Amino acid sequence: MNIFDISSNNFSGPIPEDFIQSFESMKNIVQDVVVGSPQQYMQWTSISEIYYSPTTVTTKGTSVPFKKIPTNFVIIDLSGNKFEGEIPNVIGELQALIGLNLSHNRLSGPIPQSMGNLIKLESLDLSSNMITGRIPTELVSMNFLEVLNLSYNNLLGEIPEGKQFGSFMYDSYEGKLGLMWSSIVSEMWRGE
């Protein structure tokens, strides 16, 4: 299973931890190697010949239609439901994920530190929930993160610095009165 999309339904209750933990193929990072060319997840190789049916996937904030999907295109989208409770720690075991969308639910509690293990993640959307606490500094290790949306939660404390976090604009954190930017980031936004 490479794409698990049950978005925009009326599912409720906690996200089932044992169900997430059963996603074995999402725990293993597929390495594509093509002689003489850079490694890229969307690149077709002999290793990723298996494709699934045509589908439309929302990733990085955009809906994209696909005719064929490489096996190493690994996404979970649980957005637009009524899931509640905390984000399960086992999410951090799904190291092959490149997209995770848990937005527009009723999730609460902290962002798990284990999410820092998602080193291949390119898009993370936790917006419009009731998530509390600090943004874990472990998230800074997500080197490929291009899109981050933590807006409209109840987060507080300082926004972590480093790597990709310096490139995210204010709208990634919009609606959070309890978040603080470091003096370096504040100066950049003010143009000082």
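All values derive from a computational prediction rather than experimental measurement.

Time to look at the packing of aromatic side chains. The tally for this structure, following the rule as stated, stands at four aromatic pairs. Taken together, a centroid distance of 6.4 Å and an interplanar angle of 20° make the contact between F11 and F83 stacked. In this pair, F11 sits in the loop between β1 (3-5) and β2 (12-13) while F83 sits in strand β6 (residues 82-85), placing the two residues 72 residues apart along the sequence. For F83, a relative accessible area of 5% puts it in the buried group. Ring-pair connections join several aromatic residues into one group, and the members of that group are F4, F19 and F23.

Attention now moves to the pattern of salt bridges. Where charged atoms from two side chains of opposite charge approach closely, those side chains can pair. According to the stated counting rule, one finds two salt bridges in the structure shown. Its salt-bridge partner being K27, residue E24 comes within 3.2 Å of it at the nearest N-O pair. For E93, the salt bridge is made with K27, and the minimal N-O distance between the two is 3.5 Å. Here the residue E93 occupies a position in the loop between β6 and β7 (99-101), and K27 occupies one in the loop between α1 (17-21) and β3 (55-59), the gap between them amounting to 66 residues. Classification of E93 as partly exposed rests on a relative accessible area of 34%.

Before going further, it helps to examine the sheet that holds strand β9 (residues 123-125). On the basis of which strands lie adjacent, the open sheet formed by five strands has the order β1-β5-β7-β9-β11 and parallel pairing. Both edges of this open sheet fall to β1 and β11 (147-149), since each of them pairs with a single strand only. Pairs of neighbouring strands in the sheet enclose a mean axial angle of 5°, with direction left out of account. Inspection of the sheet shows strand β5 (residues 75-77) paired to β7 by three bridges, in the parallel sense. Each bridged residue has a counterpart across the sheet, and for D77 the counterpart in β7 is N101.

On average, the protein scores 79 in pLDDT, and the residues at 70 or more come to 70%. The model gives residues 32-50 a pLDDT under 50, and that stretch makes 35 contacts with residues more than four places away or in other chains.

One finds L100 and M115 to be the most contacted residues of the largest nonpolar core, which totals 38 residues. The contacts of L100, once residues within four sequence positions are left out, are I76, I91, M115, L118, L121, S123, L124 and D125.

Notably, S8 is not glycine yet its phi reads approximately 55°, a positive angle. Note that S8 resides in the loop between β1 and β2. Given the relative accessible area of 61%, S8 is considered exposed. At H104, a residue that is not glycine, the phi angle is positive and equals roughly 55°.

Tracing the sequence through the fold places S25 in the loop between α1 and β3. Given the relative accessible area of 34%, S25 is considered partly exposed. Once the C-alpha coordinates of S25 and L97 are considered, the two residues, 72 residues apart in sequence, prove to be 9.9 Å apart.

On to the environment of K120. With respect to the helices, strands and loops of the structure, K120 is situated in the loop between β8 (106-109) and β9. Taking the C-alpha atoms as reference, K120 lies 6.8 Å from M142; in sequence the two are 22 residues apart. Sequence-distant contacts of K120, that is, excluding residues within four places in its chain, are made with I29, Q95, L97, I98 and F144.

About the thresholds
Residues numbered from 1 in each chain as written. Predicted model: local features only at pLDDT ≥ 70, side-chain atom pairs only at ≥ 80, totals over all residues. Heavy atoms only, no water. Phe/Tyr/Trp six-rings, centres within 6.5 Å; stacked < 30°, edge-to-face > 60°. Helix = DSSP H or I, 4+ residues; strand = E, 2+ residues; numbered from the N terminus. Buried < 20%, exposed > 50% of the residue type's maximum accessible area, 1.4 Å probe, protein only. Salt bridge = Lys/Arg side-chain N within 4 Å of Asp/Glu carboxyl O. Pairing = 2+ DSSP bridges. Axes fitted to C-alpha atoms, helices over the stretch in contact; angles between N-to-C directions. pLDDT = per-residue confidence, 0-100. Contact = heavy atoms within 4.5 Å. Core = buried A, V, L, I, M, F, W, Y, C linked by side-chain atoms within 4.5 Å.

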